[in-house]
Amino acid sequence: MTTETSKPQQFVLKATCKASSGIVAAVTTFLSERGCYISELSQFDDQDTGRFFMRAVCHVEAGECQLSDIQGEFEAVAGQFEMEWDLHAVNTPTKVLIMVSKFDHCLDDLLYRLRKGELNMEVTAIVSNHLDLRPMAEREGIRFVYLPVNKENKREQEVALMEIVEETGTELVVLARYMQILSDNLCAELSGRAINIHHSFLPGFKGAKPYHQAHERGVKLIGATAHYVTADLDEGPIIEQSVQPVDHTYGADALVAVGRDTETVALARAVKLHIEQRVFLDGNKTVIFK
């Protein structure tokens, strides 16, 4: 009978560097020589930037090299090509901090998917500038941190947030309809590890009531965009988008309901892609191996 300790160790190797010949051969040879079976291999050359991206899913049979050995020894290969790379154990949950305000649909959806095993993550805390969603966090047994924000204490509260991130070892921050603009400094500190969900329409509507504006303009398509947070408000690298067709029969309330659906779907997909190590930043855009 197979025991837990005899199961193969699975890991994901992510690497990016300047495109050149011999990269795939060097990486796959290295892995093969250490008893790694490559079950999935994806690669992409960005012709615009000259960058090469690769994601490999591997497992090491019991009794072979340890992941720590592979990680230490791979540096020699990475050095040849000046790679930026990471190695992640598949079974280790990603530590995620979720930020919310008053809207509960994105938080509720993420927690539901977590309970059902769809998202391999550990929620380190739920942080909010309001108390409305505290009962939801407490029902799940998740730490709730109340950090009210105003013009006078914004920097102080952002420092407190980063202290929580560091204290808990948080790897990803998810803005699940957190209705506060992050400072440029905080955006820089969380670069590549903070995801926001934004309502996006064609045409775009900004402000407090985008669905009502959409209704007044008679839109035929509504959607939402999940993207990495940057100092350029709502213009960060896009991870996932979700859209649904609508027509003249949809009132403002119906558009709000459909909008909630698109937001939850886009955000959940983006979080899943990130924690499965499928997303690479490529300047102002992303490379995603699905």
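Parameters and conventions
Residues numbered from 1 in each chain as written. Predicted model: local features only at pLDDT ≥ 70, side-chain atom pairs only at ≥ 80, totals over all residues. Heavy atoms only, no water. Core = buried A, V, L, I, M, F, W, Y, C linked by side-chain atoms within 4.5 Å. Buried < 20%, exposed > 50% of the residue type's maximum accessible area, 1.4 Å probe, protein only. Helix = DSSP H or I, 4+ residues; strand = E, 2+ residues; numbered from the N terminus. Contact = heavy atoms within 4.5 Å. Pairing = 2+ DSSP bridges. Axes fitted to C-alpha atoms, helices over the stretch in contact; angles between N-to-C directions. Salt bridge = Lys/Arg side-chain N within 4 Å of Asp/Glu carboxyl O. Phe/Tyr/Trp six-rings, centres within 6.5 Å; stacked < 30°, edge-to-face > 60°. Lys NZ or Arg CZ within 6 Å of the ring centre and 35° of its normal.

Engineer: So what exactly am I meant to see when it comes to the nonpolar core here?
Structural biologist: In globular proteins that are soluble, nonpolar side chains generally tend to be buried together. Of all hydrophobic cores here, the largest spans 33 residues; its most connected members are Ile98, Leu110, Ile126 and Leu267. For this core, the secondary structure elements donating two or more residues are strand E5 (94–100), helix H3 (105–115), strand E6 (121–128), helix H4 (134–139), strand E8 (172–175), strand E9 (194–201), strand E10 (221–228) and helix H8 (252–275). Looking at this core element by element, the count peaks at seven residues for H8. Once residues lying within four places of it in the same chain are set aside, the contact partners of leucine 110 are Ile98, Leu119, Met121, Val174, Ala176, Leu267, Ala268 and Val271. Counting residues in hydrophobic clusters, the runner-up holds 24 residues, among them Leu13, Leu67, Met83 and Leu87.

Engineer: Help me understand the sheet that holds strand E4 (residues 84–89) in this model?
Structural biologist: Through backbone hydrogen bonds, the strands of a sheet pair up, either in parallel or in antiparallel fashion. The antiparallel open sheet is built from four strands, whose spatial order is E2-E3-E1-E4. The open sheet has two edge strands with one neighbour each: strand E2 (36–46) and E4. Looking at each pair of strands side by side, their axes are set apart by 10° on average, direction ignored. Note: strand E1 (residues 9–18) against E4, six bridges, orientation antiparallel.

Engineer: Any chance you could explain the pattern of salt bridges here in plain terms?
Structural biologist: Side-chain pairs of opposite charge can arise where the charged atoms are in close proximity. Enumeration according to the criterion identifies 17 salt bridges in this entry. With a shortest N-O distance of 2.7 Å, aspartate 109 and arginine 113 are connected by a salt bridge. Here aspartate 109 and its partner arginine 113 are both found in helix H3, four residues apart, which amounts to about one turn of the helix. The buried category is assigned to aspartate 109, whose relative accessible area is 15%.

Engineer: How do you make sense of the packing of aromatic side chains when you look at a structure like this?
Structural biologist: Aromatic ring pairs: the centre-centre distance and the angle between the two ring planes describe each pair. What the rule picks out here adds up to four aromatic pairs. On the basis of an interplanar angle of 70° and a centroid distance of 5.3 Å, the ring pair of phenylalanine 30 and phenylalanine 74 is categorised as edge-to-face. Here phenylalanine 74 lies in helix H2 (residues 67–81) and phenylalanine 30 lies in helix H1 (residues 23–33), a separation of 44 residues in the sequence. Across this residue pair, the class does not change: phenylalanine 30 and phenylalanine 74 are buried. Both rings, one in phenylalanine 53 and one in phenylalanine 280, keep their centres 5.6 Å apart while their planes meet at 75°; by these two values the pair is edge-to-face. Of this pair, phenylalanine 53 sits in strand E3 (residues 51–60) while phenylalanine 280 sits in strand E12 (residues 279–282), and the two are 227 residues apart along the sequence. Per residue, the accessibility class of phenylalanine 53 equals that of phenylalanine 280, and both read buried. Chaining the aromatic ring pairs together yields one cluster made of Phe30, Phe74 and Trp85. Its guanidinium or amino end placed over the ring of phenylalanine 280, lysine 14 lies 4.7 Å from that ring's centre, counting from NZ or CZ. Taking NZ or CZ as reference, arginine 177 lies 4.5 Å from the ring centre of phenylalanine 103, over its face.

Engineer: Explain the pairing of E12 to me, please; I cannot follow it from the model alone.
Structural biologist: Regular strands show a simple pattern: their side chains alternate between the two faces of the sheet. When E12 meets strand E13 (residues 285–288), the two strands line up antiparallel, connected through four bridges. By the bridge assignment for E13, aspartate 282 is matched with lysine 285. Joining the antiparallel neighbours E12 and E13 is a turn of two residues, in which glycine 283 adopts a positive phi near 70°.

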